[in-house]
Amino acid sequence: MAIDNPADLFLYELSGMYDAERKSNQLVGEILGQAEQSPLAQILRAQQQQGQQKIQNIETCFAMMEMEPDDVPCMALDGMRAEFQAFTEQRPSMEAMEIYTVDAETKLAHFGMAAYQSLIDKALLMGEMQCAQVLRTNLVQKQENAGTFERISHELGQRVVMSV
């Protein structure tokens, strides 16, 4: 794919985010597999459902523009998955797994927030108002997720300190 203008750049980055959301959803599934007995399991299942909606929202943007996503791999998610696999090889305790999970979900949310804000800005500049609105829905979900996991991180931190 030649990137000759801002519209090409937008499509490239949107394709990368499409890959990121699909990989993110897979990673959440892998984390859930390791944390099925955790109190976080219910939240992670909700994350997976939201992830499916975010993927569909990106597909809606492509459809609105009568475009197909290109194959643009999201290396950031590949790295996060590799980190998760290396972490699980250490056979962490349930408590360590919960803390790791919350931290990973917080990172995913903040990565998504930055990416969606950039995509929304580009969509607006290109006059793709409907696409920008759909992407804004994904941004709001990422912001809510970040807040949820930051709160849980604080609660876990307090619990760990209290048990020492």
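Residues numbered from 1 in each chain as written. Predicted model: local features only at pLDDT ≥ 70, side-chain atom pairs only at ≥ 80, totals over all residues. Heavy atoms only, no water.

**Student:** Looking at this model, I keep getting lost on the packing of aromatic side chains. Mind explaining?
**Tutor:** The geometry of an aromatic ring pair is captured by two quantities: the separation of the ring centres and the angle between the planes. Per the counting criterion, the structure on display carries three aromatic pairs. Where Tyr18 meets Phe62, the ring centres are 6.2 Å apart and the plane angle is 75°; that geometry is what we call edge-to-face. Of this pair, Tyr18 sits in helix H1 (residues 6-34) while Phe62 sits in helix H2 (residues 41-64), placing them 44 residues apart in sequence. For Phe62, a relative accessible area of 2% translates into the label buried. Among the aromatic residues, those joined into a cluster by ring pairs are Phe84, Phe87 and Tyr100. (Phe/Tyr/Trp six-rings, centres within 6.5 Å; stacked < 30°, edge-to-face > 60°. Helix = DSSP H or I, 4+ residues; strand = E, 2+ residues; numbered from the N terminus. Buried < 20%, exposed > 50% of the residue type's maximum accessible area, 1.4 Å probe, protein only.)

**Student:** In this structure, what is going on with the side chain of Asp19? I would like to understand it.
**Tutor:** Residue position: Asp19 is located in helix H1. The buried category is assigned to Asp19, whose relative accessible area is 8%. Among the polar contacts made by the side chain of Asp19, one reaches the side chain of Lys23 at a distance of 2.9 Å. Those residues in contact with Asp19 that sit more than four places away from it in its chain are Val72, Pro73 and Cys74. (Polar contact = N/O pair within 3.5 Å; in protein donor to acceptor, adjacent residues only side chain to side chain. Contact = heavy atoms within 4.5 Å.)

**Student:** Hey, could you run me through the packing of H2 against helix H4 (residues 94-125) in this one?
**Tutor:** Each pair of packed helices gets described by two things: the angle between the helix axes and the distance between those axes. Following both chains from N to C, one finds H2 and H4 inclined at 20°, their axes separated by 13 Å at the closest point. As far as their axial angle goes, H4 and H2 are roughly parallel. The two elements H2 and H4 meet at a crossing, and its hand is left-handed. Seen from H2, the contacting residues are Leu44, Gln47, Lys54 and Ile58; seen from H4, they are Thr101, Glu105 and Tyr116. The residue inventory of the contact of H2 with H4, partitioned by class, reads three nonpolar, two polar and two charged. (Axes fitted to C-alpha atoms, helices over the stretch in contact; angles between N-to-C directions. Parallel < 35°, antiparallel > 145°, perpendicular 65-115°, else oblique. Left-handed = near helix turned anticlockwise from the far one by under 90°. Nonpolar A, V, L, I, M, F, W, Y, C, P; charged D, E, K, R; others polar.)

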